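Working through the structure, step by step
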Amino acid sequence: MPAASYEFRLGSFRCVVVSDGTYTYANPALTFFLDAPEERLREKLLANGVRLDRWTEFVSDYSCLLVDTGSRRVLIDTGGGALSSTTGKLRANLRSLGLPPEDIDTVILTHAHSDHVGGNLGPDGRPAFPAARYKIARSEWEFWTAEPDLSRLRIPAHLQKVLASVGRSHLLPLRGQVDLIEPGEEIEPGVRSVDSSGHTPGHLAVDVSSQGEHLLYVSDAILHPLHIEEPDWSAAVDVSPTEAAEARRRLLRRASSQHALVHGFHFPFPGLGHVGPVGEAWRWTPWAVRTGP
Ligand SMILES: [Zn+2]
């Protein structure tokens, strides 16, 4: 059972990583590291205490981020919703922080995969955050609300169909509350979208900054901490492996030069850490998280 939330300050902003639960992925090596040379993957995993031949399941945390700027409450991603019995905890966890859904002003959707938009709607099929404006890249919205062609993804056809239908069905009911944005746009003061297309056609990262401090929410541009050391290893669900690798390198360069705190949605909770350059790649240092009072 993961911790429900983790609170910290970024400049004058109150930030809270809020858990949506966990999800168990089968065949993680194929899902996350399809392009990795087997011997190198074996070595890298072993250095992290994992044997490739026994790596049959990967339990991923799903961690969304709440940013309270003092005047606006911004939620980034809505988690997996009803994807699994172990997901969909976001709204209850927000409530226990004293934040009912109607208190959220802005919801940023980094992309329309089912684990990031699954909590967009309430049980009645209406937007789960009734007072919020939902923000998503125009190109992402246009891709998923048309008939998305996912035949380029290196996953089975039936999973392509599921992704397409969940993406579409969790966006269309937002019509009255959605704003289509461009990469690089300031969404709220101190909260800016960052182009990171490649995982999906309009995938956005989010730069949060206050008083000279930066946080980079990389979402699925970086799915696993090993992608920081091996940014060219693409995932089976990356719509363009080449662009996804370029986006990873751009984000890692940016985070390293800004000394930004980095947040990974699928990383071990709360998914926070720093990156520093090593040769042609980077190294991941998890943030020392307070565990006691
Ligand atoms: Zn994704």
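Scroll up to find the structure.
Let me begin by describing the structure that accompanies this report. Since the structure is predicted, the reported quantities are computational estimates derived from the model, not experimental observations. (Residues numbered from 1 in each chain as written. Predicted model: local features only at pLDDT ≥ 70, side-chain atom pairs only at ≥ 80, totals over all residues. Heavy atoms only, no water.)

1. Considerations on the overall build of the chain
Helix and strand counts for the chain stand at eight helices and 14 strands. Taking 2.2 N^0.38 as the reference for a compact globule, 293 residues should give roughly 19 Å; the C-alpha atoms of the chain span a radius of gyration of 18 Å, in line with that estimate. When its C-alpha atoms are laid out on the principal axes, the chain stretches across 50 × 45 × 35 Å. Looking at the chain as a whole, 57% of its 293 residues are labelled buried. If you take every contact in the chain between residues at least 6 apart in sequence, the share linking residues at least 24 apart comes to 69%. Accessible surface for the chain amounts to roughly 12,600 Å². Of this, 51% is attributable to carbon and sulfur atoms. Charge centroids of the chain, computed over 29 positive and 36 negative side chains, lie 2 Å from each other. (Helix = DSSP H or I, 4+ residues; strand = E, 2+ residues; numbered from the N terminus. Rg over C-alpha atoms; globule rule 2.2 N^0.38 Å. Buried < 20%, exposed > 50% of the residue type's maximum accessible area, 1.4 Å probe, protein only. Contact = heavy atoms within 4.5 Å. Areas by Shrake-Rupley, 256 points an atom, 1.4 Å probe, with all protein chains shown as cover. Lys, Arg positive; Asp, Glu negative; His and termini not counted. Charge placed at Lys NZ, Arg CZ, Asp CG, Glu CD.)

2. Section: the environment of Leu109
Positionally, Leu109 belongs in the loop between strand 5 (106–108) and helix 4 (114–117). Looking at Leu109, the relative accessible area reads 0%, which means it is buried. Note: C-alpha distance between Leu109 and Ala137 (28 residues apart in sequence) is 8.2 Å. When sequence neighbours within four positions are dropped, the list of residues in contact with Leu109 reads Asp77, Thr78, His116, Val117, Asn120, Tyr134, Lys135, Ile136, Leu171 and Leu174.

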